[in-house]
Structure formats: structure tokens, C-alpha cells
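What follows is the residue order along each chain.
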Amino acid sequence: MKAAKFYAPGDIRLEQIDEPDVAPGQVKIRVRACSTCGTDVKISRSGHPNMSAPQVMGHEIAGEIVDVGAGVEGWAPGDRVQVIAAIPDGTCPECLAGHQAICPNQVSMGYQFPGGFAEYMIVPAEVLAVDGLNRIPENLSYAEASLAEPLACVLNGQELARVGEGDTVVVIGSGPIGCLHVRLARARGAARVILIDLNPDRLAAAAALVHPDLTVATDTQDPVAAVLDATDGRGADVVITAAASGRAQEQGLLMLARRGRLSLFGGLPKDSATITVDANLVHYRELTLVGVNGSTPAHNKRALELIASGAVPVADLITHRLPLDDVLEAIEIVARGEAIKVTIEP
Ligand SMILES: [Zn+2]
């Protein structure tokens, strides 16, 4: 079968490899959709410390079961499934406390286990052990279901930032994650959503799809002044940075209302991960800075439901569908910021 394997930064190979066989406790799927994300670009450029190379990439996975290993119950060939990306151990103190997204023993599809940029893939027993295989509702396509994984991370972020009824929410970064944040904030009852990006073309393209109440292009506008202006000086209840920018995080803090929450959704490059925070601003205004690290299996299930119910539509965010042969081009399209979401259909 064909698969896209990461060997080293700048060295991803589309190869012919042996089709995997199912072992006891595992499920084998025919991959039908595996979406690309910014992490795939990062891996292609600089690798990832947790990645065992060479490795089949791809972690936003949906497919059809073709074989079920001995001892696996509840699944059968023909079932349509979505697979979690981050796999918690389910047994450590964090997991037992219900915080599986920050499991220190987490492993991932496409990192330690072969991922979804392949014709076939094994769903490891570790995924089944944490209830990480989800049935795709009938009204969803495989491509739509593959977006449950990024939406699960967005959902975790908005839960931690307590996005709710009546909030003014600012999203900085208008890529696919920013678009999902805008849609989910609406679904959670936000009264007003403001979308900010450095690149006016990308911002306009995203806004045409997700219709924020206000857009701010920071190549020509001061985002802090724009948000304060738009809120009669009060600021935003929640600011979410969906961009790898320390400057965006610093600006986000300055545009918060009293009791506001700043979600540091996008991580920073590790050589520039320090920002400046006015501690008195946090103190006197009772601000909250909150992190987020991926999602839990339960978030994946709820993300699928949000997509299936129409609360968070995703079909129109998939702007490119490409065959597995074009996976390298797909990663470059993502890198150039030309797409909202690029889905590989192996
Ligand atoms: Zn754990």
C-alpha cells in the first residue's frame, strides 16, 4: 500500500509499504480521509521531539473498518469511524482526575503509532482502551468527521476559557483553528465574535466563511485599540490566540475586559516562548491566563456530535481535497496559507 513517511526534517517520502495486519485487540481501517494541519507543516520543517522516525504521518483520521482483531467487541467491518489523535494512558493521576489531555504519558497517532496518510491503518489497542474510536453519524462524510479531532482541541480550549452566553470573544488567527473557534463560540452563545489576523487576504477569506461581527487586519490597524473601540472601552470577555505569536498573546492581554480570560491556544516556538505580562493588570482586573493541550477522547465524541447536529458546520471549511499522491503538495498548500482545510483522501 501507499503511505507518506516522515524520515527527517525536509524528508517525507511517499512509499510503497506492506499493508499492516490486525493483531489481537486491534482494529484495521481503510483510511478514507485524513486532514492536514499546521502541526504537519511543523513536523515537515523541523520534526517533533516525540516522534519516532521513520513514521507514517497524519493524525486527523476517519475511515472504514475492514478487519477486527481477536478480543475486540462492538466493532465490525463496514463501520465508519473517527480516531482520536492524542492517546492518554487512562491510569495516571491526571487521567483519573478526568484531565486526560494533559496525561504525561500521552502517545499519539502519527507520532508513536503509524498515522492516517496511508491507505490502511491499524487502530492500536491503546486507542480502544480509552474509548478513542468513534462511530461517525450517518449524515457526516469522512472528510467532515476527520475535523472532529481539531474541533475537539478547540472545544477543550473554550471550556477552559469558559466561553459562554453573552460573551464578547476575540479570536486572533484566521486559519482553520481560528475559523473553528469562531463557529464554536457562536454555538456556545457568544454575543459578539471579533476575528483578527495579520494577513488581510487570509482574514477576508475566513470572514467570508465564518462571518465574524468584526474583522481587524493588523497590518494596518492596532488590534488593541480596535477591540476597545468596538466594546466602548470595556474589552473582550475572552481572547483566544490561534497563532504562534507571543506578540498576539501580549496584545490579547491588553484587550481583555475585567474578569477576562486569555486562552493561549497556539503554542510558541520554543526559542521564543517568553512574553511580557503586566502582573498588576492581571491582579486588579481579575484576569485569567489559561493554557490548553489538545483534547480528550470525550472531547472527540462531543466534537463529532457538534458537527453532526449542525451546531458547528465544517464542510465548507474543507477547501481542498487531494489524493494521497499529493500529500507533499498538500503540506505546502497549508504552509503557504492558501487553504482553510486540506483533506487527503487516500
Ligand atoms: Zn494519564
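See above for the structure.
What counts, and where the lines are drawn
- Residues numbered from 1 in each chain as written.
- Predicted model: local features only at pLDDT ≥ 70, side-chain atom pairs only at ≥ 80, totals over all residues.
- Heavy atoms only, no water.
- Buried < 20%, exposed > 50% of the residue type's maximum accessible area, 1.4 Å probe, protein only.
- Helix = DSSP H or I, 4+ residues; strand = E, 2+ residues; numbered from the N terminus.
- Contact = heavy atoms within 4.5 Å.
- Salt bridge = Lys/Arg side-chain N within 4 Å of Asp/Glu carboxyl O.
- Core = buried A, V, L, I, M, F, W, Y, C linked by side-chain atoms within 4.5 Å.
- Pairing = 2+ DSSP bridges.
- Axes fitted to C-alpha atoms, helices over the stretch in contact; angles between N-to-C directions.
- Right-handed = clockwise from strand over helix to strand, strands pointing away.
- Donors = N, O, S within 2.8 Å, 3.2 Å for Na, K, Ca; no water.
- Polar contact = N/O pair within 3.5 Å; in protein donor to acceptor, adjacent residues only side chain to side chain.
- Phe/Tyr/Trp six-rings, centres within 6.5 Å; stacked < 30°, edge-to-face > 60°.
- Lys NZ or Arg CZ within 6 Å of the ring centre and 35° of its normal.

> Explain helix 9 (residues 246-254) to me, please; I cannot follow it from the model alone.
The α-helix winds at 3.6 residues per turn, so residues separated by three or four positions along the chain end up facing the same way. Those residues of helix 9 not exposed but buried are Gly 246, Ala 248, Gln 249, Gln 251, Gly 252 and Leu 253. Tucked into the core, helix 9 has its buried residues touching strand 11 (168-172), helix 8 (223-230), strand 14 (236-241), strand 15 (256-263), helix 10 (279-285) and strand 16 (288-290).

> How should the pattern of salt bridges be read in this particular structure?
Per the stated rule, a full pass over the model turns up 18 salt bridges. In this structure, the salt-bridge partner of Arg 32 is Glu 64, at a minimum N-O distance of 3.2 Å. In this pair, Arg 32 sits in strand 3 (residues 27-35) while Glu 64 sits in strand 5 (residues 60-68), placing the two residues 32 residues apart along the sequence. One salt bridge connects Arg 135 with Asp 79, and the closest N-O pair in it is separated by 3.2 Å. Placement of the pair is Arg 135 in strand 10 (residues 133-135) and Asp 79 in the loop between strand 5 and strand 6 (80-83), with a sequence separation of 56 residues. Linked through salt bridges whose partners overlap, the residues forming this network are Glu 329, Arg 336 and Glu 338.

> Teacher, can you tell me more about the nonpolar core here?
As a rule of thumb, soluble globular proteins bury nonpolar side chains together. Leu 151, Val 163, Val 169, Leu 180, Leu 195 and Val 312 are the most contacted members of the largest nonpolar core, which has 44 residues in total. Of all the secondary-structure elements, those providing two or more residues to this core are helix 4 (142-146), helix 5 (148-160), strand 11, helix 6 (176-187), strand 12 (192-197), helix 7 (200-210), strand 14 and helix 11 (297-308). The dominant element in this core, judged by the number of residues it contributes, is helix 5, at six residues. Residue contacts for Leu 151: discarding those within four places in its chain leaves Leu 180, Ala 303, Leu 306, Ile 307 and Val 312. With 37 residues, the next largest nonpolar core counts Val 41, Tyr 111, Phe 117 and Ala 330 among its residues.

> Help me understand the sheet that holds strand 16 in this model?
For sheets, the rule is that strands pair by backbone hydrogen bonds, running either parallel or antiparallel. Spatial strand order, 13-12-11-14-15-16: six strands in an open sheet with parallel pairing. Looking at strand neighbours, the two that pair on one side only are strand 13 (214-217) and strand 16, the edges of this open sheet. On average, each strand axis in the sheet is tilted by 15° relative to the strand beside it, whichever way the strands run. Inspection of the sheet shows strand 12 paired to strand 13 by four bridges, in the parallel sense. Its bridge partner lying in strand 13, Leu 195 is registered against Thr 215. Sheet strands touched by helix 9: strand 11, strand 14, strand 15 and strand 16. Its angle to strand 15, the strand with the most contacts, is close to 155°.

> Sorry, what's going on with the pairing of strand 14 here?
A regular strand places its side chains on the two faces of the sheet in alternate fashion. Within strand 14, six of the six residues are buried, which leaves it mostly tucked inside the rest of the structure. Note: strand 11 against strand 14, four bridges, orientation parallel. Paired with Val 171 across the bridge in strand 14 is Ile 240. By the bridge criterion, four bridges tie strand 14 to strand 15 in an arrangement that is parallel. By the bridge assignment, Ala 236 is partnered in strand 15 with Leu 256. Remark: the strand 14/helix 9/strand 15 crossover connection has right-handed handedness.

> Looking at this structure, how should I read the coordination of the zinc ion?
Think of it this way: four donors in a tetrahedron around the metal ideally sit 109.5 degrees apart, and six in an octahedron ideally sit 90 or 180 degrees apart. At 2.0 to 2.4 Å from the zinc ion lie its protein donor atoms, namely Asp 89 (OD), Cys 92 (SG), Cys 95 (SG) and Cys 103 (SG). According to the relative accessible area criterion, Asp 89 is partly exposed, its value standing at 28%.

> Explain the side chain of Asn 156 to me, please; I cannot follow it from the model alone.
Residue placement: Asn 156 occurs in helix 5. The buried category is assigned to Asn 156, whose relative accessible area is 7%.

> Before we go on, may I ask you to explain the side chain of Asp 167 in this structure?
In this structure, Asp 167 sits in the loop between helix 5 and strand 11. At 2.8 Å, the side chain of Asp 167 and the backbone nitrogen of Gly 164 are in polar contact. Ignoring sequence-local partners within four residues, the contact set of Asp 167 consists of Arg 162, Gly 189, Ala 190, Ala 191, Arg 192, Asp 237, Val 238 and Arg 261.

> I tried to follow unusual backbone geometry on my own but got confused; where do I start?
One can expect most non-glycine residues to show negative phi and most peptide bonds to be in trans. Following Ala 53, the chain continues to Pro 54 via a peptide bond in cis, the omega torsion being -5°. Position of Pro 54 among the secondary structure elements: in the loop between helix 1 (38-46) and strand 4 (55-56). The residue Asp 131 is not glycine, and still its phi comes out positive at about 60°. Note on placement: Asp 131 falls in the loop between helix 3 (125-129) and strand 10. For Asp 131, a relative accessible area of 44% gives the class partly exposed.

> Hey, could you run me through the packing of aromatic side chains in this one?
Aromatic ring pairs are defined here through the distance separating the ring centres and the angle between the ring planes. Inspection of every chain in the model, using the stated rule, returns zero aromatic pairs. Positioned over the ring face of Tyr 7 is Arg 13, at 3.7 Å from the centre of the ring. Over the ring of Tyr 142 we find Arg 80; its NZ or CZ atom is 4.7 Å from the centre of that ring.

> For this particular structure, what's the right way to read the sheet that holds strand 4?
In space, the three strands of this open sheet follow the order 2-1-4, with antiparallel pairing throughout. Only two strands of the sheet have a single neighbouring strand rather than two, namely strand 2 (11-16) and strand 4. For strand 1 (residues 2-8) and strand 2, the ladder comprises six bridges, and the chain directions are antiparallel. Among the inter-strand pairings, Phe 6 is bridged to a residue of strand 2, identified as Ile 12.

Worth remembering: the numbers are spatial, not functional.
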